[in-house]
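# Understanding the architecture of this molecule
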Amino acid sequence: MTETGSGFDRRMLEALICPQTQTTLRYDAAHQELISKAAGLAFPIRNGIPIMLVDEARSLD
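Quick summary incoming for the structure in this document. As the structure is a prediction and not an experimental result, all values here were calculated from the model.

The next thing to look at is the pattern of salt bridges. Summed over all chains, the structure comprises three salt bridges. The closest approach of N and O atoms between Asp9 and Arg11, which form a salt bridge, is 2.7 Å. For Glu33, the salt bridge is made with Arg58, and the minimal N-O distance between the two is 2.8 Å. Of this pair, Glu33 sits in strand S2 (residues 33-36) while Arg58 sits in strand S5 (residues 58-59), placing them 25 residues apart in sequence. Overall, the relative accessible area of 8% leaves Glu33 in the buried class. For Arg58, a relative accessible area of 40% puts it in the partly exposed group.

Shown next, in the form of structure tokens:
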């Protein structure tokens, strides 16, 4: 099964990259976020949709 309880399809990770650094992302199921270690940002997933806007991302600091 590729979907989580929130409806996020993990296959999307193959196509998504960080909008700031163009690097790969890591899925954090517990926090429903996509993590960009290179940028130090966590992008939220709302209703199964990744919000890939830097202004909406949370700083990992």
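From this point, things continue past the structure.
Below, the discussion takes up unusual backbone geometry. One non-glycine residue, Gln32, lies in the positive phi region at around 50°. In this structure, Asn47 is a non-glycine residue whose phi angle is positive, near 55°. Among the secondary structure elements, Asn47 is positioned in the loop between strand S3 (41-46) and strand S4 (49-50). Asn47 sits in the exposed class, given a relative accessible area of 75%.

Counting residues in each nonpolar core, the largest one holds ten residues, listed as Phe8, Cys18, Leu25, Tyr27, Leu34, Leu41, Phe43, Ile45, Met52 and Ala57. The dominant element in this core, judged by the number of residues it contributes, is S3, at three residues. For Leu34, the residues in contact, after removing those within four places along its chain, are Phe8, Leu13, Leu16, Leu25, Arg26, Tyr27, Leu41, Ala42, Phe43, Ile45, Pro50 and Met52.

Position of Ile49 among the secondary structure elements: in strand S4. Given the relative accessible area of 52%, Ile49 is considered exposed. Through-space distance from the C-alpha of Ile49 to that of Ala30 is 15 Å; in sequence the pair is 19 residues apart.

Thresholds applied
Residues numbered from 1 in each chain as written. Predicted model: local features only at pLDDT ≥ 70, side-chain atom pairs only at ≥ 80, totals over all residues. Heavy atoms only, no water. Salt bridge = Lys/Arg side-chain N within 4 Å of Asp/Glu carboxyl O. Helix = DSSP H or I, 4+ residues; strand = E, 2+ residues; numbered from the N terminus. Buried < 20%, exposed > 50% of the residue type's maximum accessible area, 1.4 Å probe, protein only. Core = buried A, V, L, I, M, F, W, Y, C linked by side-chain atoms within 4.5 Å. Contact = heavy atoms within 4.5 Å.

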